[in-house]
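Here is what each chain is made of, one letter per residue.
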Amino acid sequence: MSPKVITFDAQGTLVDTRWSPARLGRDLIDLLSLPVDREAAPARLQASLGSRWVEYQAVNLLRSEIEGDAFWGRLLGDWLVEYGQPASRLDEVMDATRDILYGPDQDYFSLYHDVMPALDAIRSRATIGVISNWDYSLHRILRMLGVLDRFSFVIASLEEGSEKPDPRLFGIASGRAGVMPAEMLHVGDDPIDDLEGARNAGMAAMLVDRSRFDCVPPYIASLIAIPEVLRWTS
Ligand SMILES: [Mg+2]
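The model shown is predicted, which means the values in this text are computed figures rather than measured ones.

Would you mind going over the nonpolar core with me for this structure?
As a rule of thumb, soluble globular proteins bury nonpolar side chains together. Within the largest apolar cluster, 41 residues are counted, with the highest numbers of intra-cluster contacts made by Ile155 and Val187. No other element matches the 5 residues that helix H9 (residues 167-177) contributes to this core. With residues near it in sequence (within four places) discarded, Ile155 still touches Gly129, Val130, Ile131, Ser132, Glu160, Leu169, Ile172, Ala173 and Arg176. Grouped together as the second largest cluster of nonpolar side chains are 11 residues, Leu34, Trp79, Leu80 and Ala96 included.

Here it is as structure tokens:
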């Protein structure tokens, strides 16, 4: 049966990510010539996010880019102060953060080459959505990559308080799509989070592995193979 709704994982499936808090810390130090330890300070920023994860989870549930950005302001502000930098540099650091992550020359996020052709081939045959273990920034990043409006719904785990492979997150997606799980196909790159998770929720699933040359279920070598595997005639 042809799925009415096809959902995609983000990281590793739609979006190639080269993001980490430590890398952001290093880039901020270099861009702003911050006089702090270039080895220890980035690792410290990464650890700070980990130690404030419960707070970050609560912030994400607000589903607000303003609240999410405010959290990063607090995190980066405390990081500056910890390394003896004046708190007055925070505005400059926040502007640089936006530029590094979301500016025209950002090098943290890109779409895989097969994403746009695959979405173009699918859009007339099925509703398309995203189910991702990601924070509030997912919408902004998909918008930046020029693909947000291709999706009827975008579900970020941290905004829902449930993450893959928990079937609840997939259940939220089927509710949002207004169809039964059995009418949905989920495409991802993780055997546990995407394949097991989706199947446990009653959905069909495919795994994309771009290092493969062939498509052997449940694997596809490219997202472009989806219509063929579904035996859609063009
Ligand atoms: Mg993934």
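Help me understand the sheet that holds strand E1 (residues 5-8), please; the structure alone is not making it clear to me.
Taken together, the 6 strands give an open sheet; going across it, the order is E5-E4-E1-E6-E7-E8, and neighbouring strands pair in parallel fashion. Strands with a single pairing partner mark the edges of an open sheet, and in this sheet they are strand E5 (153-156) and strand E8 (219-220). Bridging between E1 and strand E4 (residues 127-132) involves 4 bridges; their strand directions are parallel. Note that in E4 the partner of Ile6 across the bridge is Ile128.

Can you help me understand unusual backbone geometry in this one?
Both trends apply: most residues other than glycine have a negative phi, and most peptide bonds are in trans. At the junction of Lys164 and Pro165, the peptide bond is cis and its omega measures out at 10 degrees in the coordinates. Note on placement: Pro165 falls in the loop between helix H8 (157-160) and H9. In this structure, Pro218 follows Pro217 across a cis peptide bond, with omega equal to 5 degrees. Along the chain, the position of Pro218 falls in the loop between strand E7 (204-208) and E8. Even without being a glycine, Ser33 presents a positive backbone phi close to 50 degrees. Ser33 sits in the exposed class, given 6 other C-beta atoms within 10 Å. A positive phi angle, near 50 degrees, is found at Arg63, a position not held by glycine. Considering the arrangement of structural elements, one finds Arg63 in the loop between helix H3 (53-60) and helix H4 (65-82).

Can you help me understand helix H6 (residues 115-122) in this one?
Along an α-helix, residues three or four apart share an orientation, since each turn contains 3.6 residues. Listing the buried residues of H6 in full gives Val115, Ala118 and Ile122. The buried residues of H6 occupy an angular sector of 70 degrees when projected down its axis, which confines them to one face. Summarising the geometry of H6, the exposed residues directed more than 90 degrees from the buried face are Pro117 and Asp120. Those residues of H6 that are buried are in contact with E1, strand E3 (109-111), E4 and helix H11 (226-229).

Would you explain the pairing of E4 in this entry?
As a general feature of sheets, a regular strand has side chains that alternate between the two faces. With 5 of 6 residues buried, E4 is to be regarded as a mostly interior element. Sheet topology note: the E4/E5 ladder contains 4 bridges and is parallel. In the strand pairing of E5, Val130 is matched with Val154. Handedness of the E4-helix H7 (residues 138-144)-E5 crossover: right-handed.

It is not clear to me how the environment of Gly68 should be interpreted in this structure. Could you clarify?
As for its position among the elements, Gly68 is in helix H4. Non-local contacts of Gly68, meaning those with residues more than four positions away in its chain, are made with Val59, Asn60, Asp135, Tyr136 and Ser137.

I'm lost on the domain arrangement of the protein chain in this one. Help?
Interfaces are frequently sized by the accessible area removed from exposure as the parts join. What the domain assignment lists for the protein chain is domain 1 (5-17 + 109-229) and domain 2 (21-102). Summarising the inter-unit geometry, the C-alpha centres of domain 1 and domain 2 are found 29 Å apart. Taken together, the contact pairs 8 residues of domain 1 with 7 residues of domain 2. Elements that contribute at least two residues to the side of domain 1 that touches domain 2 include exactly H7 and H8. Considered class by class, the residues forming the side of domain 1 that touches domain 2 number 3 nonpolar, 2 polar and 3 charged.

Parameters at a glance
- Residues numbered from 1 in each chain as written.
- Predicted model: local features only at pLDDT ≥ 70, side-chain atom pairs only at ≥ 80, totals over all residues.
- Core = buried A, V, L, I, M, F, W, Y, C linked by C-beta atoms within 7 Å.
- Buried ≥ 20, exposed ≤ 12 C-beta atoms within 10 Å, placed from the backbone.
- Helix = DSSP H or I, 4+ residues; strand = E, 2+ residues; numbered from the N terminus.
- Contact = placed C-beta atoms within 7 Å.
- Pairing = 2+ DSSP bridges.
- Arc of directions from axis to C-beta.
- Right-handed = clockwise from strand over helix to strand, strands pointing away.
- Domains from an automatic or database assignment.
- Nonpolar A, V, L, I, M, F, W, Y, C, P; charged D, E, K, R; others polar.

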